[in-house]
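Residue strings, one per chain:
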Amino acid sequence: MIKPYQQNNKKKIVLLSLSVAITSLLSFSNVANASAAVPALTEHTAVENNNVDVKQARTSNETLQEWKSWTNDHAYSLTSIQPEKLEKQHIPSSNFDDLAMLKPLLHDKRIVFLGESSHGVAEFNLAKTRIIQFLHQEMDYNVLAFESGMGNVMNAQGQIDKQAAQQTMKDAIFGVWWTKETLPLFDYAKKTQQTDKPLVLAGFDIQQQGAFTNGDWLKNSDLAKQFSNVEEQLAQWSSSKDLQGYQKAKPSIIDIYTQVKSQVKLKEAELKSAYPNEPHIVKLMERTLTDRIRLANEYVELTIQSNIEIEKNNPEPFLKTMEWRDQAMLENLLWLSTEIYPAEKFIVWAHNDHIRKAQSEVMGSPYPVKLMGERLPDIYKKYSYVLGLYMAGGETANNMREPMEVLPPVKGSVEDILSTTHKPYTFIDLRNRQNERGNSWMFEPRLSYSWGIMQESLVPRDQYDGLLLIDKVSMPNYLK
């Protein structure tokens, strides 16, 4: 595989350094930690792969027209991406007629992965919300797991009846999704808590995302204060370059987390009182604190080393942090599915990069490593469906909420082929297809854009089970 990291590829190195800077932000600043793919560049030239041979297979005009004709005949068009409104704690099933084609595709699937090529797209948030409503109400997918902190979502779910939907959203997920378009999802989740089939919120990320609990349940003000202090310290160390300084501080940080963890089972009654809507609060709190200890013991040192090496144009330590994080996210997701909700079906909300089946094979990606989706055990892959979301035009935003113009589709690219329907919202199933003349584009390298600006080459069917293309997108309406 060609590695996109020659020393003179300054633009990719800048991209990586910005990724580190953003993912190291203290989430107390309201921007919150970002997720994996984090471009913070607006100029198009910043994403050129100068030293990467990112190609798609040669295609004649005749073949391209055959592909487009086949796609036009076999693709589905969604009538709307606007979230539905509950009527007497129920959405009329007829409102989802345009999504009914998903039922035969998902009838035996336990996990539906909903991706996105950018975190900064209003229409992605809307479309995913409506799809989640459909999956929950019509197909009994009752657990919604976010690419966000396990403890943070635990906290939000535990108090979902006590607070407004907007506060639940801010408590639960990374700031990149604090948008007007995401809010209907949390309003829906809140309303379902009063039904016999609530939509349960969960998180599987291991990264810090601000304080995940205030420690009041400890009934020990000194320990609660120490806990709050080490949370801030850990976040600060993650953005530092002082490896020796952290190694000296690490034992005392781990000691505080260990003390707090030792109190969890002893304070079961207090925890259940503080988090009445989370019946698994004891197990989730213990798991989150175990993750914090792992973070302090391993991940922070990797991050500090990455901060040092990225200045030397060496991305390898950064890529190690990516792999470490995604392995931890995978372990958390599997734990949730076996230990907490063994009988429930899951919806997973994450970036395309995290859920793709073979991320390490994507040419041109700044993250040519095995991420969560590629690491998923085969039995889970068999009973999962991976849906990638893409865009053909408009404006997206990076994780700093800065606008980026979506580049026009390249001839023969995934976006170009799906755009042939001339519909605003186009869905195509890849999984249940055999290679034939009209759809062979699914089985060979095609170009596509990550974040609407970074050119990648991938074999669509090797990465996704289905694709949803939004013809024109816009920046989200962010909430403070």
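Everything that follows concerns the structure shown earlier in this document.
How each quantity is defined
Residues numbered from 1 in each chain as written. Predicted model: local features only at pLDDT ≥ 70, side-chain atom pairs only at ≥ 80, totals over all residues. Heavy atoms only, no water. Helix = DSSP H or I, 4+ residues; strand = E, 2+ residues; numbered from the N terminus. Buried < 20%, exposed > 50% of the residue type's maximum accessible area, 1.4 Å probe, protein only. Contact = heavy atoms within 4.5 Å. Areas by Shrake-Rupley, 256 points an atom, 1.4 Å probe, with all protein chains shown as cover. Salt bridge = Lys/Arg side-chain N within 4 Å of Asp/Glu carboxyl O.

A. The arrangement of the overall build of the protein chain in detail. Per the secondary structure count, the protein chain includes 17 helices and 12 strands. When each of the 480 residues of the protein chain is scored for burial, the buried share is 61%. Considering only residue pairs separated by 6 or more positions, the protein chain has 80% of its internal contacts joining residues 24 or more positions apart. About 18300 Å² of surface is accessible on the protein chain, with carbon and sulfur atoms providing 48% of the total.

B. Region of interest: helix 5 (residues 150-158). Extensive coverage of helix 5 is indicated by the burial of 9 of its 9 residues. Among the residues making up helix 5, those that are buried are Met150, Gly151, Asn152, Val153, Met154, Asn155, Ala156, Gln157 and Gly158. Residues of helix 5 that are buried in the fold lie against strand 3 (141-149), helix 6 (165-172), strand 4 (200-205), helix 11 (281-310) and helix 12 (316-340).

C. Main features of the pattern of salt bridges. Scanning all chains against the criterion turns up 23 salt bridges. Glu323 serves as the salt-bridge partner of Arg375, at 3.3 Å between the closest nitrogen and oxygen. Of this pair, Arg375 sits in helix 14 (residues 372-375) while Glu323 sits in helix 12, and the two are 52 residues apart along the sequence. Of the residues examined, Arg375 reaches a relative accessible area of 26% and is grouped as partly exposed.

D. Fine view of unusual backbone geometry. The phi dihedral of Arg401 is positive, around 65°, even though this residue is not glycine. In this fold, Arg401 is placed in the loop between strand 7 (395-397) and strand 8 (403-405). Of note, His422 is a non-glycine position whose phi angle comes to about 55°, a positive value. Mapped onto the secondary structure, His422 falls in the loop between helix 16 (414-418) and strand 9 (425-429).

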